[in-house]
Amino acid sequence: MSEAKTMSIKEQNKGAATSLMKKNIRKFLRNKLAVFGLVVVALMTIACVVAFIGGIDFRTPDMANMRAAPNSAHMFGTDTIGRDLLARVLVGGCYSIFIGVFCAVASNVLGAVLGAIAGYFGGKIDALLVRLSELFQAFPQLVLVMMLVAMLKTRGLGNLLLIFVITGWMTTFRMVRNEFMSLKGETYVKVCEAFGMSKSNVMFKQILPNVMTPIIVSTTTNVAYFILQEASLSFIGLGVADSTPTWGNILNAAKNLQVVQNQWWIWVFPGLAISLFVLAINFLGDGLRDVLDAKQQ
Amino acid sequence: MLKYILKKLLMMIPMLLIISFIVYMGLRSTGVDPINFLVSPDVIAANPDNIEALRESLGLNDPLIVQYGRWLGDLLRGNLGYSLDGTPILQTVATRLPYTLELSAYAMLFSAVIGIGIGIISAIRQNGIVDYIGRVLAVLGQAVPQFLVGILLIWIFAIKLGWFPAANRVSPDATNAFVDAFMHLFLPVLTLTIGMVAVLMRYARNTMLDVLNSDYIKTARSKGIPEWKVYLKHGFRNAMKPVLVILMFRIPALIGGSVVIETVFSYPGIGITMTNAITSGDYPVVLVTTLIIAATMLICSFMVDVFNALLDPRVRLDG
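Being a predicted model, the structure only gives us computed values, none of them experimental.

Trainee: Provide a residue-level description of the overall build of chain B, including the pertinent values.
Mentor: Tallying secondary structure elements over chain B gives 14 helices and zero strands in all. Buried residues in chain B amount to 33% of all 319 residues. Of all intrachain contacts in chain B linking residues separated by at least 6 positions in sequence, the fraction that spans at least 24 positions is 71%.

Next comes the structure, spelled out in structure tokens:
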């Protein structure tokens, strides 16, 4: 009897969830900029991944055509040592997007877990984590990243990912911590605790779902943030090693004024790729915020 | 009030100590030999046989924590050590730090004036032409990497038009120091300003809109106060407090941005010094420049707190 009743409530909830989902999708589709963002992000990602998996040649220099302007053989032209720029922008996009997505997801997960712990337990562990986040925020993030680059010495992709994740968790941490502080006093949390539910169960299964919306939105916009961060770092020459193309690494050539003056295609195409992708991600993030923000519904 | 300021000032000291400790230990753990930056290279070259004795007399065989204490003491007495190429770091910092401060200060000033100006006009003439252009620029300004804006400006103003120099801070053949400074600062300051304005004007617009929709503005209007006075005296003054706080909060982004922009314009500031030091593994310089930037940041956040307390009497001073 009671079994059947809980089932029916669960099914009701499921039904409500699907209709809310449909409503949200309709709402998202009405937002033209958000749809534009989604389409551009999807198309660019697919193009980059397909080129990468298809094994497009981004390494071999075409000695006869160094610094060639865009032509039929090289649609985006070639770079200073004759490598095809279209291939490099595509493969570079693959790395840049991967760095952005990986760091955004990982740093938000880290921030959410630490924030949940700090907000739920409070007391000494909270004070310690807050101090730690303040310490990290005492630096401009780029300078912190540069310092860690100096400490780790080698400029590999793995190191860069690690550095971005450990320098990027603070905003999510603060947000999740504050939400947890106010939510842990709610009746439903008290009920779960009274039933003897384990602490991790209460934290991650009961409270965390209520904080997911801002986390999802901040993860989306963080993808753009990390892509820009990687680009800046690679531009000043402290990013991933040169053998790995990223959008920032390709733009590194534009540090040379000769290149800026005579080979516009070397910096215009990767620059356009970054700007368009970041713009699209920002539109997508804004759209998601509008759809998911419960306060507006 | 004085007590509050004093307390905030005192709280900066442990923070700086922790930061310097972490940075020192972190960089020492990379295995750089500190004898290179404690002693002038000439001295090392003069006594190749006595290095070990020198090491002992300098206390390099002491535990790390003792060495850290000594390094900190030197630092406080103004002895910043030597860079790996032998220049005293104090000298480098003394010439380059002012350049960076100059760059950031101008960018801050102009972005405040322009950002707040555009923000207010777009709030007053909502959905007007300025509002529309402002919104497009804000979206673009957050999508285009700042260094790319710098490259574009170099391409347009330095290469195509030839109005401004593309690099450096001082020309060797400059006749008028003021004009020379203006010419070299214009493009980097403009680059940083564009980035800041994109953020600031949105805040200024939104807070101004909030204020303009509030009841006391309606009251002021119904009393027959002229429109311009309503905007300036009643609207502007109340809308500016949150905007000024945001302006202060953007300082870290400004300093981070100027590190990159200095590379774009080969501008000889503290940021490019740090970048080059990292690339060439010049740890003593990395150590000092990082600390300087952290200290600048702490001072700025201290100013935010004090400023906030001054502007808003509701901030509890005992907190």
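Trainee: Explain the overall build of chain A to me, using residue names and the numbers behind them.
Mentor: Across its full length, chain A holds 13 helices and zero strands. Ordered by position from the N terminus, the helices and strands of chain A form the series α-α-α-α-α-α-α-α-α-α-α-α-α. Taken across its 297 residues, chain A has 42% of its residues classed as buried. For chain A, long-range pairs separated by at least 24 residues make up 69% of all intrachain contacts whose partners lie at least 6 apart in sequence.

Trainee: Lay out unusual backbone geometry in plain terms, naming residues and giving numbers.
Mentor: Positive phi, normally seen in glycine, also occurs at Ser-266 of chain B, with a value near 40°. Of note, Ser-266 of chain B is situated in the loop between α12 (251-264) and α13 (270-280).

Trainee: Account for the packing of helix α8 (residues 187-194) of chain A against helix α9 (residues 199-207) of chain A, naming residues and giving values.
Mentor: Residue and element names in this part refer to chain A. Two elements in contact, α8 and α9, have axes whose closest approach is 10 Å; the angle formed by their N-to-C orientations is 140°. The angle between α8 and α9 places the two elements in the oblique class. Helix-helix and strand crossings are classified by hand; for α8 and α9 the assignment is right-handed. Between α8 and α9, the contacting residues are Val-189, Cys-192 and Glu-193 on the first element and Val-202, Gln-206 and Ile-207 on the second. Each residue belonging to the contact of α8 with α9 can be placed in one class, and the counts come to four nonpolar, one polar and one charged.

Trainee: Please give an account of the interface of chain A and chain B that cites residues and values.
Mentor: Between chain A and chain B, the contact holds 32 residues from the first and 36 residues from the second. If you list the elements that add at least two residues to the side of chain A that touches chain B, you get α5 (141-152), α10 (212-235), α12 (257-262) and α13 (264-292) of chain A. For the side of chain A that touches chain B, the element with the highest residue contribution is α5 of chain A, accounting for eight residues.

Trainee: Describe the nonpolar core, with residues and values.
Mentor: All names here are of chain A. In terms of nonpolar packing, the biggest core is built from 128 residues, with Met-146, Ile-227 and Val-278 touching the most fellow members. With 15 residues, α13 is the largest single contributor of residues to this core. When near neighbours in sequence (up to four residues on either side) are disregarded, Ile-227 contacts Ser-96, Ile-99, Gly-100, Ile-274, Phe-277 and Val-278.

Trainee: I'd love a proper account of the environment of Trp-265 of chain A, names of residues and values included.
Mentor: Residues and elements named next belong to chain A. With respect to the helices, strands and loops of the structure, Trp-265 is situated in helix α13. For the pair Trp-265 and Thr-220, spaced 45 residues apart in sequence, the C-alpha to C-alpha distance is 29 Å. Leave out the neighbours within four places in its chain, and Trp-265 touches Ala-69, Pro-70, Phe-76, Gly-77 and Leu-85.

Trainee: Account for the confidence of the model for chain B, naming residues and giving values.
Mentor: All names here are of chain B. In the predicted model, chain B carries a mean pLDDT of 79, and 88% of its residues have values of at least 70. When mean pLDDT is taken per element in chain B, helix α6 (residues 89-124) scores highest with 85 and helix α2 (residues 35-38) scores lowest with 65. The ipTM assigned to the predicted complex is 0.79, against a pTM of 0.82.

Trainee: Let's hear about helix α8 (residues 146-160) of chain B: which residues, and what values?
Mentor: The terminal C-alpha atoms of α8 of chain B lie 20 Å apart, and with 15 residues this matches the ideal 21 Å at 1.5 Å per residue to within 8%. Regarding α8 of chain B, the residues found buried are Gln-146, Phe-147, Leu-148, Val-149, Gly-150, Ile-151, Leu-153, Ile-154 and Ala-158 of chain B. Elements in contact with the buried residues of α8 of chain B: α10, α12 and α13 of chain A together with α9 (177-212) and α12 of chain B.

Trainee: I'd like to hear about α9 of chain A, residue by residue, with values.
Mentor: All names here are of chain A. Among the residues making up α9, those that are buried are Val-202, Met-203 and Ile-207. Viewed along the axis of α9, the buried residues span an arc of 95°, placing them on a single side of the element. Residues of α9 that are exposed and point more than 90 degrees away from the buried face comprise Ser-200, Asn-201 and Lys-205. Of the surrounding elements, those touching the buried residues of α9 are α3 (85-121), α7 (170-183) and α8.

Trainee: Summarise the confidence of the model for chain A; cite the residues concerned and give the values.
Mentor: Atom-level detail of predicted coordinates should not be read off regions where pLDDT is low. For chain A, per-residue confidence averages 82 on the pLDDT scale, and residues scoring 70 or more make up 94% of the total. Confidence, read as mean pLDDT per element, is least for helix α1 (residues 2-30) of chain A in chain A (73) and greatest for α3 of chain A (90).

Trainee: Requested: an account of the packing of α6 of chain B against helix α7 (residues 129-143) of chain B, with residues and values cited.
Mentor: All names here are of chain B. Orientation of α6 relative to α7, taken along the N-to-C sense of each, is 130°, at an axis distance of 8 Å. By the angle between their directions, the pair α6 and α7 is classed as oblique. As for how α6 packs across α7, the hand of that crossing is left-handed. Of α7, the residues touching α6 (which contributes Ile-118, Ile-121 and Ser-122) are Val-130, Asp-131 and Gly-134. Of the residues assigned to the contact of α6 with α7, the class counts are three nonpolar, two polar and one charged.

Trainee: An account of the environment of Gln-12 of chain A is needed here, citing residue identities and associated values.
Mentor: Residues and elements named next belong to chain A. Within the element layout of this structure, Gln-12 appears in helix α1. Residue classification places Gln-12 among the exposed residues on the basis of 10 C-beta atoms within 10 Å. Taking the C-alpha atoms as reference, Gln-12 lies 51 Å from Pro-245; in sequence the two are 233 residues apart.

Trainee: Residues and numbers for the environment of Ala-253 of chain A, please.
Mentor: Residue and element names in this part refer to chain A. Among the secondary structure elements, Ala-253 is positioned in the loop between α11 (247-251) and α12. C-beta crowding within 10 Å serves as the criterion here: with 20 such atoms nearby, Ala-253 is assigned to the buried category. The residues touching Ala-253, leaving out its near neighbours within four places in the chain, are Asp-79, Thr-80, Val-259 and Ile-266.

Reading the values: rules and limits
- Residues numbered from 1 in each chain as written.
- Chains lettered and ligands numbered in written order.
- Predicted model: local features only at pLDDT ≥ 70, side-chain atom pairs only at ≥ 80, totals over all residues.
- Helix = DSSP H or I, 4+ residues; strand = E, 2+ residues; numbered from the N terminus.
- Buried ≥ 20, exposed ≤ 12 C-beta atoms within 10 Å, placed from the backbone.
- Contact = placed C-beta atoms within 7 Å.
- Axes fitted to C-alpha atoms, helices over the stretch in contact; angles between N-to-C directions.
- Parallel < 35°, antiparallel > 145°, perpendicular 65-115°, else oblique.
- Left-handed = near helix turned anticlockwise from the far one by under 90°.
- Nonpolar A, V, L, I, M, F, W, Y, C, P; charged D, E, K, R; others polar.
- Core = buried A, V, L, I, M, F, W, Y, C linked by C-beta atoms within 7 Å.
- pLDDT = per-residue confidence, 0-100.
- Expected span 1.5 Å × (residues − 1).
- Arc of directions from axis to C-beta.

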